[in-house]
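What follows is the residue order along each chain.
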Amino acid sequence: MADRVTVIGWDGSPLTAAARSALGAATLVAGAPHHLALPEVPPAAERVRLGSMDVTARRIVGHRGTAVVLADGDPGFFGVVRTLRAPEHGLEVEVVPAVSSVAAAFARAGMPWDDARIVTAHSRDLRRAVNVCRAHTKVAVLTSPGAGPAELALLLGDVHRTFVICEALGTAQEQVTVLTSDKVADHAWRDPNVVISIGGFSAPVAQNSAWMAGGDGGVSAAPRGWALPGHTYGGALAESENAQLRAAQLARLGPRVGDLVWDIGSGSGAASVETARFGAAVIAVDRDADACTRTAAVARRFGVQLQVVHGTAPHVLEDLPEPDTIRVGGGGVPVVAACAARRPERIVTHAATRDEAEAVGRALSDGGYGVECELIQSVDLDTSPAAGWAERQRAVAFFLCGHRIGRPF
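Scope of this entry: the structure provided in the associated data block. (Residues numbered from 1 in each chain as written. Predicted model: local features only at pLDDT ≥ 70, side-chain atom pairs only at ≥ 80, totals over all residues. Heavy atoms only, no water.)

### Focus on the layout of surface pockets
Okay, step 1: In this model, the largest pocket occupies a volume close to 1400 Å³.
Okay, step 2: As for the largest pocket, its lining consists of 45 residues, of which D72, F78, G79, T143 and P192 are closest to the centre.
Okay, step 3: Elements with a contribution of two residues or more to the lining of the largest pocket: α2 (33–36), β4 (66–72), α4 (80–84), α5 (101–109) and β10 (193–198).
Okay, step 4: Considering each element in turn, the lining of the largest pocket owes the most residues, four residues, to α5. (1 Å grid on protein atoms, 1.4 Å probe; cavity = no way out; pocket = protein on both sides within 12 Å on 5 of 7 lines; lining within 4 Å. Points joined across faces, edges and corners; volume = space filled by probe spheres on them. Helix = DSSP H or I, 4+ residues; strand = E, 2+ residues; numbered from the N terminus.)

Below is the structure:
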């Protein structure tokens, strides 16, 4: 194993004295071609061009001498330090950091970034990064070949964002470009690059109230809790949007950052907004134009990002991007069957009668889903002294959840 391993971050500025000292004593230097071309790299040192970090780590483990790994930006932030320190390699490293590429990108844009989401994008899971850009107003994306600005923009589709694209930060070829996402695919972009995605609207936040990075630490106007009563959303809700039913649906959907959730038959927008408040991207679909308008208005009031689609399911679903989970608020068996054909991880819906529940359950089973069904009954009581806890409203519904067979329940 190497006697000493030092990881040096490089942001295009002159190397520090500590970095020059470590590099000058190196017998093995690993890095990208522009790192290996630095004049401070000893001529006699073995040079390893970075490709697979696991392969590089094994080369270092087998080396007898002093190793240095050069990496862009801060190597401890989505960088090589994690791989080198992995238990299978057992390397202890010293780190000489530099300004991270994300910090440099926001500095070039002249923007604060403590409220930004930061994600990495790879071709194998690019849709997760895209879904974060759908759901959040400020996102920094560390791109990779095949998962760059053009691919991000194409997958965003009708969700328009402004991109700040920072190419080759810290090099002579550095360039910063600002474009709307619909124009990005018309250009070729150099690697490496960082994309800052800006757009949508935010909930009101008290000045200087943020205490946690990532955009969730502010004090917003949104009320605490989920499965909130109808008056929170501007009036009475349909029976399919009953608070207790909504709570069960949210519990089974388990929306999270990086997910895309379809809400078909969004109605008032209560379920869509509550799903989006968990950080997931949401597409709300309804055939009623007034319902679409109401959903968009509620989303603005709560400061969450939604894509609202006016149309009738199942036909309108054909051109939508692939979902992770789906809530079906209306449409019955044909819509449930069409959703099952898209193979999301989970589908939640409801039925008013047992016959309808059995039909929906068969559609889920035929589509390759395990089926959970429960009868949910809720009684709303008037607790005022004058009413004497009288029954105000009663709701009964069959709750169904289809979980894709082969996935953990």
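Resuming the write-up.
### Considering the environment of F399
Okay, step 1: With respect to the helices, strands and loops of the structure, F399 is situated in strand β17 (residues 390–404).
Okay, step 2: Here F399 falls in the buried class, since its relative accessible area comes to 1%.
Okay, step 3: Between the C-alpha atom of F399 and that of A351, which follows or precedes it by 48 residues, the distance is 6.7 Å. (Buried < 20%, exposed > 50% of the residue type's maximum accessible area, 1.4 Å probe, protein only.)

### Focus on the packing of aromatic side chains
Okay, step 1: Under the definition given, this model contains four aromatic pairs.
Okay, step 2: Taking the centre distance of 4.6 Å and the plane angle of 25 degrees together, the rings of W226 and F278 count as stacked. Of the two residues, W226 is situated in the loop between β10 and α9 (243–253) and F278 in the loop between α10 (270–276) and β12 (281–286); the sequence distance between them amounts to 52 residues.
Okay, step 3: On the accessibility criterion, W226 (39% relative accessible area) is partly exposed.
Okay, step 4: Looking at R277, its charged tip hangs above the ring of W226, at a distance of 5.1 Å from the centre. (Phe/Tyr/Trp six-rings, centres within 6.5 Å; stacked < 30°, edge-to-face > 60°. Lys NZ or Arg CZ within 6 Å of the ring centre and 35° of its normal.)

### As for the pattern of salt bridges
Okay, step 1: On inspection of all chains with the given rule, the structure shows 17 salt bridges.
Okay, step 2: Taking the shortest distance from any N to any O, the salt bridge between E174 and R108 comes out at 2.7 Å. On the criterion of sequence distance, the pair formed by E174 in the loop between β8 (162–167) and β9 (175–180) and R108 in helix α5 is long-range, its members being 66 residues apart.
Okay, step 3: Across the salt bridge formed by D263 and R327, the nearest N and O atoms sit 2.5 Å from each other. Taken together, the residues D263 in strand β11 (residues 260–264) and R327 in strand β14 (residues 325–328) connect sequence positions 64 residues apart. Exposure class is identical for D263 and R327. Each is buried.
Okay, step 4: What you see here is one network of salt bridges that share partners, running through D380, D382 and R392. (Salt bridge = Lys/Arg side-chain N within 4 Å of Asp/Glu carboxyl O.)

### Examining a nonpolar patch on the surface
Okay, step 1: Taken together, V379, L381 and W389 make up a surface patch of nonpolar side chains, about 290 Å² in accessible area.
Okay, step 2: Structurally, W389 is set in the loop between β16 (369–382) and β17.
Okay, step 3: Overall, W389 belongs to the exposed group, its relative accessible area being 56%. (Patch = residues over 30% accessible without salt bridge, like charges linked within 9 Å, V, L, I, M, F, W, Y side chains within 5 Å. Areas by Shrake-Rupley, 256 points an atom, 1.4 Å probe, with all protein chains shown as cover.)

### Description of the packing of helix α6 (residues 126–135) against helix α7 (residues 149–156)
Okay, step 1: For the pair α6 and α7, the least separation of the axes is 10 Å and the interaxial angle reads 65 degrees. Where α6 crosses over α7, the handedness of that crossing is right-handed. Between α6 and α7, the contacting residues are L126, A129, V130, C133 and R134 on the first element and E151, L152, L155 and L156 on the second.
Okay, step 2: In terms of residue class, the contact of α6 with α7 is made up of seven nonpolar, no polar and two charged. (Axes fitted to C-alpha atoms, helices over the stretch in contact; angles between N-to-C directions. Left-handed = near helix turned anticlockwise from the far one by under 90°. Contact = heavy atoms within 4.5 Å. Nonpolar A, V, L, I, M, F, W, Y, C, P; charged D, E, K, R; others polar.)

### Concerning α5
Okay, step 1: Of all the residues in α5, the buried ones are V102, A103, A104, A105 and F106.
Okay, step 2: If you follow the buried residues of α5, they end up packed against β6 (117–120), β7 (138–142), β8 and β10.

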